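Residue-level listing of the chains:
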Amino acid sequence: VRTLPTVVLYDSHGLDLFDQITYTDDYYLTRTEIDILAQESDAIAQTCQDHRVLVELGAGALRKTRLLLEAFDQLGRPFTYYALDVDHSALVESLAQIGPFQNINLVGLWGTYEDGMVYLPTLPNGHRKCIWWLGSSMGNFTPQASEDFLLRLQSALEPGDALLLGTDGPNNPKAIHRAYHDAPGITADFILNGLTHANHILGQPLFNLADF
Ligand SMILES: C[S@@+](CC[C@H](N)C(=O)[O-])C[C@H]1O[C@@H](n2cnc3c(N)ncnc32)[C@H](O)[C@@H]1O
């Protein structure tokens, strides 16, 4: 199997398209995760109230993040929230719109997951970390790459740190198929945009979009 790194999917236009996908009827994942977080954010914040550092991997548009940050803010303790994403403009725009919070300092981390793995161990010792990886982002990886990444993440963390992982379970195959083949064809545009972006990065038209 030949694969492309997930980063090529998420230039600014790709993120825009992904955001549109999350609002389609067929893409049940975002709706479901928002429902769960609306119900569980307070309990999650309570569980992680001693974690001073909150880090979101692949933060994107921060739609779900607001639910979590509001719950943490209400605890009345100081937190620092780091939003890591590979897309700079999304980080700047989303962070400008989400705040301010009374007890939460907001920080953008512009880089890849790999950059995040290098950065995490440099955070002050003794500050327990709560990592959020939402949006079934792990689904962009092969099973082997997911396993490798989780092991890599584990080694960047310390005992007492926590991981909040948002991912789909075994679901109705037809529903899953519809979620990734939405009627308006936005997912198809999203994937093709990844190839356009790859051509741009490579500086040559390696992928002919008409072939896909
Ligand atoms: C599936 S979206 C999820 C967005 C958001 N967390 C949500 O739950 O809706 C994946 C996000 O991860 C970012 N991303 C993808 N690959 C990445 C990588 N290798 N390093 C850092 N961010 C990445 C994308 O820019 C995008 O914002």
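Residues numbered from 1 in each chain as written. Predicted model: local features only at pLDDT ≥ 70, side-chain atom pairs only at ≥ 80, totals over all residues. Heavy atoms only, no water.

You'll find the chain entered in an unreviewed UniProt entry as Histidine-specific methyltransferase SAM-dependent domain-containing protein, with Dimargaris cristalligena given as the organism.

Tell me about the sheet that holds strand E2 (residues 79-85), residues and numbers included.
Overall, parallel pairing links the 5 strands, which are arranged E3-E2-E1-E4-E5 in an open sheet. Across the chains shown, the open sheet's two edge strands, defined by having one partner strand only, are strand E3 (104-110) and strand E5 (162-165). The mean inter-strand angle of the sheet, taken between neighbouring strand axes irrespective of direction, is 20 degrees. Sheet analysis places strand E1 (residues 53-57) next to strand E4 (residues 129-133), joined by 4 bridges and oriented parallel. Bridging from a neighbouring strand, Val 55 pairs with Ile 131 of E4. (Pairing = 2+ DSSP bridges. Helix = DSSP H or I, 4+ residues; strand = E, 2+ residues; numbered from the N terminus. Axes fitted to C-alpha atoms, helices over the stretch in contact; angles between N-to-C directions.)

Break down the pairing of E3 for me, with residues and values.
The pairing of E2 with E3 spans 7 bridges and is parallel. Across the sheet, the residue bridging to Tyr 82 is Val 107, located in E3. For the handedness criterion, the β-α-β arrangement of E2, helix H4 (residues 88-98) and E3 is classed as right-handed. (Right-handed = clockwise from strand over helix to strand, strands pointing away.)

Run through the pairing of E2, naming residues and quoting values.
For a regular strand, side-chain orientation follows a simple rule: the groups alternate between the two sheet faces. Where burial is concerned, most of E2 is hidden: 7 out of the 7 residues are buried. Two strands pair when backbone bridges link them, and E1 and E2 are joined in this way by 5 bridges, in the parallel orientation. Paired with Leu 57 across the strands is Leu 84, a residue of E2. (Buried < 20%, exposed > 50% of the residue type's maximum accessible area, 1.4 Å probe, protein only.)

Could you give me a rundown of unusual backbone geometry, with the residues and numbers involved?
At the junction of Gly 99 and Pro 100, the peptide bond is cis and its omega measures out at -10 degrees in the coordinates. Tracing the chain through its elements places Pro 100 in the loop between H4 and E3. At Leu 62, a position not held by glycine, the phi torsion is positive, near 65 degrees. Looking at where Leu 62 falls in the secondary structure, it is placed in the loop between E1 and helix H3 (65-73). Here Ser 136, not a glycine, exhibits a phi torsion of approximately 50 degrees, which is positive. Here Ser 136 lies in the loop between E4 and helix H6 (143-156). On the accessibility criterion, Ser 136 (12% relative accessible area) is buried.

An account of the nonpolar core is requested, with residue identities and associated values reported.
In this structure, Leu 54, Leu 69, Phe 72, Tyr 81 and Trp 132 are the most contacted members of the largest nonpolar core, which totals 23 residues. Going through the elements one at a time, helix H2 (28-47), H3, E2, H4 and E4 are the ones with two or more residues in this core. Top element by residues in this core is H3. It accounts for 4 residues. In this view, Phe 72 contacts Ile 44, Ala 45, Cys 48, Leu 54, Phe 79, Ile 104 and Trp 132; residues no more than four positions away in its chain are not counted. With 17 residues, the next largest nonpolar core counts Leu 120, Ile 131, Trp 133 and Phe 149 among its residues. (Core = buried A, V, L, I, M, F, W, Y, C linked by side-chain atoms within 4.5 Å. Contact = heavy atoms within 4.5 Å.)

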